[in-house]
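Each chain, written out:
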Amino acid sequence: MQKACPCVVVLLVVLAFALCSAQVSTAVTCNLMDLSPCLPAMTSPAAPTAGCCSKLRQQRSCFCGYLRDPKYKAYRQYLNSPNAKKVATTCRVPFPKC
């Protein structure tokens with residue numbers, strides 16, 4: 001059996017580190033204020049902007065937390081409104097069933 005070249009071992013370690021780092025950097029920080037570009041579309045007949053849709057996609061995993069967390073109680077009327085569902089549909093982001 002041949003010994004592995006040290007450069008191959010180093011390459012594998014570097015690759016493993018890069019993959020682990022990439023996964024960590026994709027974690028979403030749930031911040032309701034990140035959805036502020038969507039407020040005009042949620043409170044009026046205005047269409048959602050591309051920025052709004054992008055933020056909705058990024059924050060998708062946070063929706064149920066926003067709806068359940070007591071600190072966001074004042075915002076539930078917007079988050080659970082027919083307009084919010086319309087915005088999600090327009091942006092092609094599935095509205096959660098929490």
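Quick caveat, the model's predicted, so the values are computed rather than measured. (Residues numbered from 1 in each chain as written. Predicted model: local features only at pLDDT ≥ 70, side-chain atom pairs only at ≥ 80, totals over all residues. Heavy atoms only, no water.)

(A) How the structure looks around the overall build of the protein. When you go through the protein residue by residue, the secondary structure sums to 6 helices and 0 strands. Secondary structure elements of the protein occur, N-terminal to C-terminal, as α-α-α-α-α-α. Within the span of the protein, comprising 98 residues, buried residues form 23% of the whole. In the protein, 64% of the contacts between residues at least 6 apart in sequence involve partners at least 24 apart. (Helix = DSSP H or I, 4+ residues; strand = E, 2+ residues; numbered from the N terminus. Buried < 20%, exposed > 50% of the residue type's maximum accessible area, 1.4 Å probe, protein only. Contact = heavy atoms within 4.5 Å.)

(B) A look at the state of the cysteines. Considering all chains together, one arrives at 4 disulfides under this definition. The disulfide bridge from Cys30 ends at Cys62, spanning 2.0 Å between sulfur atoms. Where Cys30 bonds to Cys62 through sulfur, the torsion about that S-S bond is close to -80°, and the disulfide is left-handed. Pair noted here: Cys30 is in the loop between helix H1 (6-25) and helix H2 (39-43) and Cys62 is in the loop between helix H3 (50-59) and helix H4 (63-68), with a separation of 32 residues, a long-range link. Residue Cys30 is classed as partly exposed on the basis of its relative accessible area, which comes to 42%. When its relative accessible area of 2% is taken as the criterion, Cys62 is described as buried. Across the disulfide, Cys64 is cross-linked to Cys98 (sulfur-sulfur distance 1.9 Å). Every disulfide takes its handedness from the sign of the S-S torsion; for Cys64 and Cys98 that torsion is -85°, giving left-handed. You can see Cys64 sitting in helix H4 and its partner Cys98 sitting in the segment after helix H6 (82-90), a full 34 residues away along the chain. Residue Cys98 is classed as partly exposed on the basis of its relative accessible area of 47%. (Disulfide = S-S within 2.5 Å.)

(C) Local environment of the nonpolar core. Within the largest apolar cluster, 18 residues are counted, with the highest numbers of intra-cluster contacts made by Leu32, Leu35, Leu56, Phe63, Tyr66, Val87 and Cys91. Mapped by element, the contributors of at least two residues to this core are H2, H3, H4 and H6. Setting aside chain neighbours within four positions, we find Leu32 in contact with Tyr66, Tyr72, Tyr75 and Leu79. (Core = buried A, V, L, I, M, F, W, Y, C linked by side-chain atoms within 4.5 Å.)

(D) Examining the side chain of Gln59 more closely. Summarising the element assignment, Gln59 is placed in helix H3. The exposure class assigned to Gln59 is buried, which follows from its relative accessible area of 2%. Excluding its chain neighbours within four sequence positions, the residues that come into contact with Gln59 are Val28, Thr29, Cys30, Asn31, Asp34, Leu35 and Tyr66.

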